[in-house]
Amino acid sequence: MSEKKILEYDVLVVGGGISGGEAALNLANLDYKVLVVEKDLSLGGKMIALSKVFPTLDCAACITTPKVSEISRHPNITIMFSAEAKKIDKLGEHNFEAHVHQKPRYVNIDDCTACQLCEKACPVSVIDEYQQGLIGRKAAFIPFSIASPRAAAIDITNCTLCGACERACPTGCIDFTQTDLDYVVKAKAVVVATGFKLFDPLKIPRYGYGKYKNVITSMQMERQLAPTRPFNTILRPGDGKMPDNIAYVLCTGSRDKSVGNPICSQVCCMYSIKQGQLLMGSLPMADVTIYYLHIRAFGKGFNEFYEQSKEMGVEFIKGKIGNIKEKENGNLILRYEDIEEGKVKEAEHDMVVLSVGVMSNSEISDSFQGESLVLDDYGFIHQNDILASPSETNIDGVFVAGTATGPMDIPDSILSAGAASAETTSYLRRAVL
Amino acid sequence: MEVEKGKTAKYRKEKNPVAKEVMENLKNFTKTKKRLMDALKEGDKTVPQLAEALSIPADEVLYQVMSLLKYGFVETGDIDDMDEYFYYKIKDNGKD
């Protein structure tokens, strides 16, 4: 077996979403050499998949894409895609060693022109994860139209190895001989920006997700509302009907001890209100009803945004959903407790959106050898001193940015990444002084 | 071993046989695609009309028709009189 390649950087950033990317960019601008390890095929994490952001209704892609291209082009930043930090060991102050495993893409990124001829030639159609399973994609594919890098990849698990993509490729950049690569990365500091997972609504069977096709997640609606949407317009997945009476179920998987997540996800109220406003724009005849426990519109401009949605005609019902049943025509009956009237009621909608919560993505803590990375009660990364230095973890030299610390919105993630890069810089400076 | 550029899939196939499910998935997609395209050749149809004509669940029809739209085989037509369902048709009348 060949020796692992040894690479040296000032900072190892784990995660290439908006927080990891922002932290990497800040550090790179201070002339530190940064390695970003990203598990997916593109930068931008969850944000790049969103339609618009609250409360400004700016296009999410328009904010994310210039940022990710700046990260990609920065001379001090190296990015490894399809890669994971398997082992991170603190050998001493300013001395970390990480084992990074990279899966093959089967495409040489530098030679790929994103002509999409491989995509056209590929006969295989499988579920498109980026479009949240609403449509298919090819096994030779560009992850999504605004992916960075905009380069093809081969989904080897679903590939029939017919060779059509290779024959169609004008630059000869497809290479099925690529194998897994392992690196030893030496770094002086580590930034963990591994983000969050969305709550899986299959864990609440009484809402019928998976069984009733017109019950979708908020991320699926987010894709339907984006310019790079999966359908020709907003359609319900059960039968392609244009919906005209849409319900939102807030706190799906948040503030719910029965599913093991008692905390508030901080973003669901606002993204649901945002989607309500966007739906009013896309489907002017549609009714939108939001079933909520409490509306938490706590940020700058949030309450005004909430009031604005009411003025636009979004209906708000303080109610807890008991269960959802499907009618023969695909419409859904929501049985709920009207909290204000103290009555159990039923309402019919033709599509239901489950506003799924933010869950921790804590696997990275398993990678730490020796001193373990401490998590909080909900699986997010524990912050040693949340008020005085919010990016510090229990390991000196390991900092945390964004939703890896807990649920937060995009502006807070960017702020958190700023804090993480500042504290990392301060730690790195101590090595010199 | 030096593998000829442009023929690396064949090389991999010799070492790693393709799983049965993967071939099965390809077969199913090709078959469903043909059935949907044949039905649309007879005239523009909505998702429920295609589901009824082919006895395929409507959610499956939508998924496949939208995939075919993405792959460039199908395009969106007018909406029905009730403003509920769109008609879908063969792209450019089937011309390449």
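Criteria and cut-off values
- Residues numbered from 1 in each chain as written.
- Chains lettered and ligands numbered in written order.
- Predicted model: local features only at pLDDT ≥ 70, side-chain atom pairs only at ≥ 80, totals over all residues.
- Heavy atoms only, no water.
- Domains from an automatic or database assignment.
- Buried area = accessible area lost by both parts, 1.4 Å probe.
- Salt bridge = Lys/Arg side-chain N within 4 Å of Asp/Glu carboxyl O.
- Polar contact = N/O pair within 3.5 Å; in protein donor to acceptor, adjacent residues only side chain to side chain.
- Nonpolar A, V, L, I, M, F, W, Y, C, P; charged D, E, K, R; others polar.
- Phe/Tyr/Trp six-rings, centres within 6.5 Å; stacked < 30°, edge-to-face > 60°.
- Helix = DSSP H or I, 4+ residues; strand = E, 2+ residues; numbered from the N terminus.
- Buried < 20%, exposed > 50% of the residue type's maximum accessible area, 1.4 Å probe, protein only.
- Core = buried A, V, L, I, M, F, W, Y, C linked by side-chain atoms within 4.5 Å.
- Contact = heavy atoms within 4.5 Å.

### Side note on the domain arrangement of chain A
All names here are of chain A. Each assigned domain of chain A is listed with its residue range as follows: domain 1 (5-103 + 180-195 + 361-432), domain 2 (109-168) and domain 3 (199-358). Summarising the inter-unit geometry, the C-alpha centres of domain 1 and domain 3 are found 32 Å apart. With both sides pooled, the region where domain 1 packs onto domain 3 buries about 1600 Å², and carbon together with sulfur makes up 77% of that total. By the criterion of area lost to domain 3, the three top residues of domain 1 are Ser51, Phe54 and Pro407, representing 37% of everything that side buries. Our count for the domain 1 to domain 3 interface comes out at zero salt bridges. Linking domain 1 with domain 3 are three residue pairs in polar contact (both at pLDDT 80 or more). For the side of domain 1 that touches domain 3, the residue count by class is 10 nonpolar, one polar and three charged.

### Thoughts on the packing of aromatic side chains
Residue and element names in this part refer to chain A. A complete count under the given rule lists nine aromatic pairs over all chains for this structure. Note on tyrosine 106 and phenylalanine 176: the rings are 5.9 Å apart at their centroids and 25 degrees apart in plane angle, and the pair reads as stacked. Highlighted residues: tyrosine 106 in the loop between strand S6 (95-102) and helix H3 (117-121) and phenylalanine 176 in the loop between helix H4 (164-168) and strand S11 (181-187), separated in sequence by 70 residues. The pair tyrosine 106 / phenylalanine 176 is uniform in exposure class, with both members buried.

### Focus: the nonpolar core
All names here are of chain A. Residues Met221, Leu279, Ile295, Ile324, Leu334 and Val352 are the most contacted members of the largest nonpolar core, which totals 81 residues. Here this core gets eight residues from one element, more than from any other, and that element is helix H6 (residues 268-282). Valine 352 has contacts with Asn214, Val215, Ile216, Ala247, Val249, Ile324, Leu332 and Leu334, leaving out every residue within four places of it along the chain. With 62 residues, the next largest nonpolar core counts Val36, Ala49, Phe144 and Ile395 among its residues.

### Quick word on the pattern of salt bridges
Overall, the coordinates contain 23 salt bridges over all chains when judged by the stated rule. Measuring nitrogen to oxygen at the nearest pair gives 2.9 Å for the salt bridge that ties lysine 70 of chain B to aspartate 128 of chain A. Here aspartate 128 of chain A lies in the loop between strand S7 (125-127) and strand S8 (136-138) and lysine 70 of chain B lies in helix H4 (residues 58-70), a pairing that spans two chains. Across the pair arginine 137 of chain A and aspartate 155 of chain A runs a salt bridge, and its minimum N-O distance is 3.0 Å. Pair noted here: arginine 137 of chain A is in strand S8 and aspartate 155 of chain A is in the loop between strand S10 (153-154) and H4, with a separation of 18 residues, a long-range link.

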